[in-house]
Amino acid sequence: MYKTPIIFACLAMFGASVCSADAADRTRKQDVPLYKDASASVESRVEDLISRMTLEEKILQLNQYTLGQNDNINNIGETVSQIPGETGSLIYFGDNAVLRNAMQKRAVEQTRLGIPILFGFDVIHGFRTVYPIPLAQAASWNPELAGQACRVAASEAYSAGVNWTFSPMVDIARDARWGRIAEGYGEDPHLASVFSAATVRAYQGDDLSQENNIAACLKHFVGYGASEAGRDYVPTEISRQTLWDTYLPPFEAGVKAGAATLMSSFNNISGTPGSANHYTMTEVVKNRWNHYGFIVADWNAVMQLVNQGLARDGKDAACLAFNAGLDMDMVDNCYGEHLAALVDEGKVSMERVDDAVRRILRLKFMLGLFEKPYTEELPDSERFMLPESLAAVEALAQESMVLLKNEGNVLPLENKASVALVGPMARNQGDLLGSWYGRGRDSDVISIYDGLSGALAGKTEILYAKGCDFDGNDTTGFAEAVAAASQAEAVLLCLGEKRNWSGENASRSTIALPEIQEELLKAVKRAGKPVVVILSNGRSLDLTRIAPLADAVLEIWQPGVMAGPAVAGIITGKYNPSGRLPVTFPYTTGQIPIYYNHRASGRTGSQGRYQDIPSTPMYEFGYGLSYTDFEYGELELSSDTFRAGDRITASITVKNSGRRDGKETVQWYISDPACSITRPVRELKHFEKKLIPAGEEAVFTFEIDPMRDLSFVDHDGKRFLEPGDYYIMVKDRKYKITLADE
Ligand code: GLC
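What counts and how
- Residues numbered from 1 in each chain as written.
- Predicted model: local features only at pLDDT ≥ 70, side-chain atom pairs only at ≥ 80, totals over all residues.
- Heavy atoms only, no water.
- Helix = DSSP H or I, 4+ residues; strand = E, 2+ residues; numbered from the N terminus.
- Buried < 20%, exposed > 50% of the residue type's maximum accessible area, 1.4 Å probe, protein only.
- Contact = heavy atoms within 4.5 Å.
- Salt bridge = Lys/Arg side-chain N within 4 Å of Asp/Glu carboxyl O.
- Axes fitted to C-alpha atoms, helices over the stretch in contact; angles between N-to-C directions.
- Parallel < 35°, antiparallel > 145°, perpendicular 65-115°, else oblique.
- Left-handed = near helix turned anticlockwise from the far one by under 90°.
- Nonpolar A, V, L, I, M, F, W, Y, C, P; charged D, E, K, R; others polar.
- Polar contact = N/O pair within 3.5 Å; in protein donor to acceptor, adjacent residues only side chain to side chain.
- Near = heavy atom within 4 Å.
- Areas by Shrake-Rupley, 256 points an atom, 1.4 Å probe, with all protein chains shown as cover.
- Pairing = 2+ DSSP bridges.
- Core = buried A, V, L, I, M, F, W, Y, C linked by side-chain atoms within 4.5 Å.

Notes on the environment of Y587
Part 1 of the reasoning: Positionally, Y587 belongs in the loop between α19 (563-572) and β17 (630-632).
Part 2 of the reasoning: Residue class for Y587 comes out partly exposed when judged on its relative accessible area of 25%.
Part 3 of the reasoning: Non-local contacts of Y587, meaning those with residues more than four positions away in its chain, are made with D542, T544, I613, P614, T616, P617 and M618.

Regarding the pattern of salt bridges
Any two side chains of opposite charge can pair if their charged atoms end up close together.
Part 1 of the reasoning: Per the counting criterion, the structure on display carries 44 salt bridges.
Part 2 of the reasoning: With a closest N to O distance of 2.5 Å, R45 and E371 form a salt bridge. Here R45 is found in helix α2 (residues 42-52), whereas its partner E371 is found in the loop between α14 (350-366) and α15 (387-400), with 326 residues between them in sequence.
Part 3 of the reasoning: Between K663 and E399 there is a salt bridge, and its shortest N-O distance comes to 2.5 Å.

Remarks on the packing of helix α8 (residues 240-247) against helix α10 (residues 278-288)
Part 1 of the reasoning: With their axes 13 Å apart at the nearest point, α8 and α10 run at an angle of 55° to one another. Classified by the angle their axes make, α8 and α10 are oblique. The two elements α8 and α10 cross, and the hand of that crossing is right-handed. For the pair α8 and α10, the contacting residues are R240, L243 and W244 in the first and Y279, T280, V284 and R288 in the second.
Part 2 of the reasoning: Of the residues that constitute the contact of α8 with α10, the class distribution is four nonpolar, one polar and two charged.

Thoughts on the side chain of T282
Part 1 of the reasoning: For T282, the position within the fold is in helix α10.
Part 2 of the reasoning: The class of T282 is buried, set by a relative accessible area of 13%.
Part 3 of the reasoning: Looking at T282, its side chain comes within polar contact range of the main-chain oxygen of A324, at 2.7 Å.

A look at the packing of helix α6 (residues 143-159) against α15
Part 1 of the reasoning: Packing of α6 against α15 brings their axes to within 9 Å, and their N-to-C directions diverge by 145°. For the pair α6 and α15, the sense of crossing is left-handed. In this structure, α6 uses L145, A146, A149 and V152 to contact α15, whose residues at the interface are S389, V393, A395, L396 and E399.
Part 2 of the reasoning: Residue composition of the contact of α6 with α15, by class: seven nonpolar, one polar and one charged.

Comments concerning unusual backbone geometry
Part 1 of the reasoning: A cis amide bond links S167 to the next residue, P168, at an omega of 10°.
Part 2 of the reasoning: On the secondary structure map, P168 appears in the loop between β4 (164-165) and α7 (189-204).
Part 3 of the reasoning: With omega at 10°, the peptide bond leading from F221 into V222 counts as cis.
Part 4 of the reasoning: Of note, N505 is a non-glycine position whose phi angle comes to about 55°, a positive value.
Part 5 of the reasoning: Position of N505 among the secondary structure elements: in the loop between β14 (490-496) and α18 (515-525).

Focus: the site of the ligand
Part 1 of the reasoning: Lining the immediate environment of the ligand, one finds 14 residues, of which D122, R180, K219, H220 and D298 sit closest.
Part 2 of the reasoning: Contact distances for the ligand include 2.6 Å between an oxygen atom and a side-chain N or O atom of H220.
Part 3 of the reasoning: With respect to the ligand, the side chain of D298 contributes an N or O atom lying 2.6 Å from an oxygen atom.
Part 4 of the reasoning: Compared with its free state, where it exposes 310 Å², the ligand has 100% of that area covered by protein.
Part 5 of the reasoning: Taken together, the residues of the shell around the ligand break down into six nonpolar, three polar and five charged.

A few points about α19
Part 1 of the reasoning: Most of α19 sits inside the fold, with nine of its 10 residues counted as buried.
Part 2 of the reasoning: Within α19 the residues assigned to the buried category are A563, G564, P565, A566, V567, A568, G569, I570 and I571.
Part 3 of the reasoning: Tucked into the core, α19 has its buried residues touching α15, α16 (448-456), β14, β15 (531-536) and β16 (552-555).
Part 4 of the reasoning: Immediately downstream of α19, the backbone of G573 shows phi near 95°, a positive value.

Some remarks on the sheet that holds strand β3 (residues 118-121)
Part 1 of the reasoning: Strand order in the open sheet made by the five strands is β4-β3-β2-β1-β10, with parallel pairing throughout. Of all the strands in the sheet, just β4 and β10 (329-330) have a single pairing partner and so form its edges.
Part 2 of the reasoning: Where strand β1 (residues 63-67) and strand β2 (residues 89-92) come together, four bridges link them in parallel fashion. Within β2, the position partnered with L67 by the bridge is Y92.
Part 3 of the reasoning: Against the sheet, helix α4 (residues 98-109) touches β1, β2 and β3, its axis set at about 170° to β2.

Quick word on the nonpolar core
Part 1 of the reasoning: Counting 211 residues, the largest nonpolar core has Y335, L493, V533, W557 and I571 as the members making the most contacts within it.
Part 2 of the reasoning: Sorting elements by how many residues they give to this core places α6 first, with eight residues.
Part 3 of the reasoning: Among the nonpolar cores identified, the runner-up in size contains 24 residues, and L721, Y726, V730 and L739 belong to it.

Section: α2
Part 1 of the reasoning: Restricting attention to buried positions, one finds in α2 the residues R45, V46, D48, L49 and I50.
Part 2 of the reasoning: Tucked into the core, α2 has its buried residues touching α3 (55-61) and α14.

Some words on the environment of A340
Part 1 of the reasoning: Tracing the backbone shows A340 in helix α13 (residues 334-344).
Part 2 of the reasoning: As for A340 and I59, which are separated by 281 residues in sequence, their C-alpha atoms are 7.4 Å apart.
Part 3 of the reasoning: If near-sequence neighbours (up to four positions away) are discounted, A340 is found in contact with L55 and I59.

Encoded structure:
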């Protein structure tokens, strides 16, 4: 008997076992459909699954309904009692995963193919740990900090079973009457593009299937911020060239950063509503940008095509929207009701249906929902308002605050025996959250009063008086406020907006604060003490009757749960304010629209000016003060002539000549004074924020790529670079460079 050394016997047995295991594996795999095989590629799983689906199952994937107590006042939808388990997506209104997991179980275990549901929610600036509104985030000019806050939001949303956020909102807005200016990153395409990419990367991470990563959604596609007269949901008039130059860039930046989805907009774009616009949704996003994901409608936006005068009825609306490239229908069920008939009638092709379904399935596979359809149910204490989360959001809050005025360096307050803390915002909590506060709670917010009490304990007495409410005409509280001001060495007057004065469906005819707040300022001013006005608001404000009476003005926006510590940190000097305005503050509402990157007029000097008010804004885009002084050196360039393929290095040295460390943001602008398509007088193309210790200096550099940074874009999105002179600008420095004729 031929004795086989034991090792070979083991190997043989192992080999045999492997062969039999492999065979068993193949058999097993043959038993398990390819789409359920996690080792297979996403694309092969998509193809396998779609090949197994009926038309009805495909159409159900194209629909989104709501699940849970819908508390969005603008969109109370019909509660769908019997939600089909085959539904593509649900907007989930819970802050734990119990209800969501139960619904997911129906989808995964009680339907023919077991396709998981994609759960989405408006996680706009925090899920439970609410941080500064996006407009405030932009004011920080610190996309890294914004990204850290978004990581907090993603992990909290993920822990509740939300795998998809309807954020970031990247609509360029230049009309502060429009309440949704609060939700975006301001008036400039470059600044908004940087924050768009940073938030997408933060939400999605490097691999969507990993824990605490959620899909992003760029919204509202496109041009919603141009809503006429700042009213919401109304038409917009946008030329193709302006679309490419102003409104598309933040979306392109987000798509390039890997954003999984976009959301179509309510607005009519010069006759073709955003939710039925084939040019924007298919030609641009799908064909030009090769987007891998899908586009979801905004709430009822498909059915609204009837109101907008485009569609005859819901069926027509479904046909127009779907064929334009809108893949998923949010809550109005137009697709669920009409797509099958439209396919039967040949008005919608199976190719288009499969394209949309592929995109949705692709994201579900990328998110790992087939492998991990359920969310671990953790206690709130292990996932919400964690110390490291609060530290991250406080850092963002304090860096977002903008010091607009500081006469005689009245701030920071030092060595005061007492201060009067006055105004409707002084002890307020809920309104500091701002709009779209997700699952945030008023009680989570540390008020300005509590923040200052903590910071000044044992050092400074705080004399509190509310003075008045946000609006109305009850001045009975003024006397108490004036008395507090009279007793104190300085006054901190906390004014601003209620959180529902901005956000969706929150347009205001004036950007001035209610008169009673201005009257309160006048009253306390008469006490003759230094007055520091602290403003909490979701838009640019008309400060013409406030700023002149204040010795200092601090814009804190709507900073979220860490409002108190962030404000106290700046008031006491723990933090040196470093925010810069992401939107222009007009002199009055009558100046709107007014923004820095406007085209030039044909008339100069005194012509083309208002007769009754100044024609310049109160505070410009990019403006903000510090507790220290920064001195700018001369602009240096590697060359003053260049060719299209060259690189030019621009640099400037900035010295902190004051006594406090401070962060400075160097903003690099370009201008092209003569172009075949006239350009804005200035265009932000690069910025860099650095800490410069007191007495030290830092070099800031801009590596100019002419085709990226100096080119312009035509009506169909093609970039071009023309020979001639260009200017590079920093502060008041302006340096000419010339593109030679090829
Ligand atoms: C709203 C908003 C949109 C939001 C959606 C779902 O109408 O326009 O920003 O994501 O509906 O709540």
